[in-house]
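Each chain, letter by letter, is given below.
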Amino acid sequence: MITLTHFLVVSACIFCIGLYTVLSKKNAIMILVGIELMINASILNFVAFGKYDKVSYGGQIFALFAIVLAAAAVAVGLALVLNVYRHYKTINPDQINELKDK
């Protein structure tokens, strides 16, 4: 039997992997992947807690909203990365030192 603790441990591991990815990678795409992992860990928590809410299914509803918001965030983030690459010819965040037009 899989208990709530199992879900929380897996979710904590996924969140830690995402946090490590955000803090250690120098590529903007990998930073976005790390953020997506952290969002997915929170969605897993919503669904795990929603399993024990038999009346209103609040966890699943919050998870659905989180998935929609994560998809929108990824679309906006990817658009930003593409525009930054078009302007600076790199996606390394350390090499982008000014945001004004030249």
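Residues numbered from 1 in each chain as written. Predicted model: local features only at pLDDT ≥ 70, side-chain atom pairs only at ≥ 80, totals over all residues. Heavy atoms only, no water.

### Points about the overall build of the protein
As a reminder, the rule being used: Helix and strand definitions follow DSSP, with helices as H or I runs of at least four residues and strands as E runs of at least two, each counted in order from the N terminus. Values of the radius of gyration come from C-alpha atoms, whereas the globule rule sets the reference at 2.2 Å times the count of residues to the power 0.38. Any residue under 20% of the maximum accessible area for its type is buried, any over 50% is exposed, and the rest in between are partly exposed; the area is computed with a 1.4 Å probe on protein chains only. Two residues form a contact once any of their heavy atoms are found within 4.5 Å. In this description, accessible areas are obtained by the Shrake-Rupley approach with a 1.4 Å probe, and a residue is regarded as covered only by the protein chains that are shown. Charged residues are defined here as Lys and Arg on the positive side and Asp and Glu on the negative side; His and the ends of the chain fall outside this count. Charge placement uses NZ in Lys and CZ in Arg. For Asp and Glu, CG and CD serve respectively.
Scanning the protein for helices and strands turns up three helices and zero strands. Of the regular secondary structure in the protein, the N- to C-terminal order runs α-α-α. Relative to its length of 102 residues, the protein is extended, with a C-alpha radius of gyration of 17 Å against a globular reference of 13 Å. For the protein, with 102 residues in total, the buried portion stands at 19%. For the protein, the proportion of contacts with a sequence separation of at least 24, taken over those separated by at least 6, is 51%. Summed over its atoms, the accessible surface of the protein is roughly 7300 Å², and 73% of this surface lies on carbon and sulfur atoms. Computing the positive centroid from 8 side-chain charges and the negative centroid from 5, the protein places the two 5 Å apart.

### Let's talk about helix α1 (residues 4-24)
Note that an α-helix has 3.6 residues per turn; residues three or four places apart therefore point the same way. Selection criterion: To estimate how far a helix should reach, multiply one less than its number of residues by 1.5 Å. The reported arc concerns the directions from the helix axis to the C-beta atoms and nothing else.
When the terminal C-alpha atoms of α1 are compared, their 30 Å separation across 21 residues agrees well with the 30 Å that a helix rising 1.5 Å per residue should span. Listed as buried for α1 are Ser 11, Gly 18 and Thr 21. Considered in projection along α1, the buried side chains sweep an arc of 85° and stay on one side of the axis. Exposed positions of α1 whose direction lies more than 90 degrees from the buried face are Thr 5, Tyr 20 and Leu 23. Those residues of α1 hidden inside the fold are in contact with α2 (28-50).

### With respect to a nonpolar patch on the surface
Note the cut-off: Only residues whose relative accessible area exceeds 30% and that take part in no salt bridge are eligible for patches, with like-charged residues grouped when within 9 Å of each other and nonpolar side chains (Val, Leu, Ile, Met, Phe, Trp, Tyr) grouped when within 5 Å. Note on definitions: salt bridges are taken to be side-chain nitrogens of Lys or Arg within 4 Å of carboxyl oxygens of Asp or Glu.
A cluster of nonpolar side chains, Phe 46, Val 47, Tyr 57, Ile 61, Phe 62 and Phe 65, forms an exposed patch at the surface whose accessible area comes to about 600 Å². At the level of elements, α2 and α3 (58-88) are the ones that each hand at least two residues to the nonpolar patch. Here the nonpolar patch takes three residues from α3, the largest share from any one element. Its location among the elements puts Phe 65 in helix α3.

### Overview of the packing of α2 against α3
Note the following rule: The angle between two axes is taken between their N-to-C directions and runs from 0 to 180 degrees, where each axis is a line fitted to C-alpha atoms and a helix contributes only its stretch in contact. Angular relationships are summarised with four words: roughly parallel below 35 degrees, roughly antiparallel beyond 145, roughly perpendicular across 65 to 115, and oblique for the angles in between. We call Asp, Glu, Lys and Arg charged. Ala, Val, Leu, Ile, Met, Phe, Trp, Tyr, Cys and Pro are nonpolar, and the rest, Gly among them, are polar.
Look at α2 against α3: their axes get within 8 Å of each other, and the N-to-C directions meet at 175°. Here α3 runs roughly antiparallel to α2, going by the angle between their axes. Note on element contacts: α3 touches α2 through Gly 59, Gln 60, Phe 62, Ala 63, Ala 66, Ile 67, Ala 70, Val 74, Gly 77, Leu 78 and Val 81, opposite Ala 28, Ile 29, Leu 32, Glu 36, Ile 39, Ile 43, Phe 46, Val 47 and Gly 50. Partitioning the contact of α2 with α3 into residue classes produces 15 nonpolar, four polar and one charged.

### Things to note about the packing of α1 against α2
Between two packed helices, both the angle of their axes relative to each other and the distance between the axes serve to describe the pair. Keep this limit in mind: Handedness of a crossing follows from how the near helix is turned relative to the far one, being left-handed for an anticlockwise turn of less than a right angle and right-handed for a clockwise one.
In contact at an axis separation of 7 Å, α1 and α2 are set at 165° when each is read in the N-to-C sense. When the axis of α1 is compared with that of α2, the two are roughly antiparallel. Between α1 and α2 lies a crossing of left-handed hand. Of the residues in α2, those in contact with Leu 4, Phe 7, Leu 8, Val 10, Ser 11, Ile 14, Phe 15, Ile 17, Gly 18, Leu 19, Thr 21 and Val 22 of α1 are Met 30, Ile 31, Gly 34, Ile 35, Leu 37, Met 38, Ala 41, Ser 42, Leu 44, Asn 45, Ala 48 and Phe 49.

### Concerning the environment of Leu 19
Relative to the helices and strands, Leu 19 resides in helix α1. In this structure the C-alpha to C-alpha distance between Leu 19 and Ile 61, which are 42 residues apart in sequence, comes to 25 Å.

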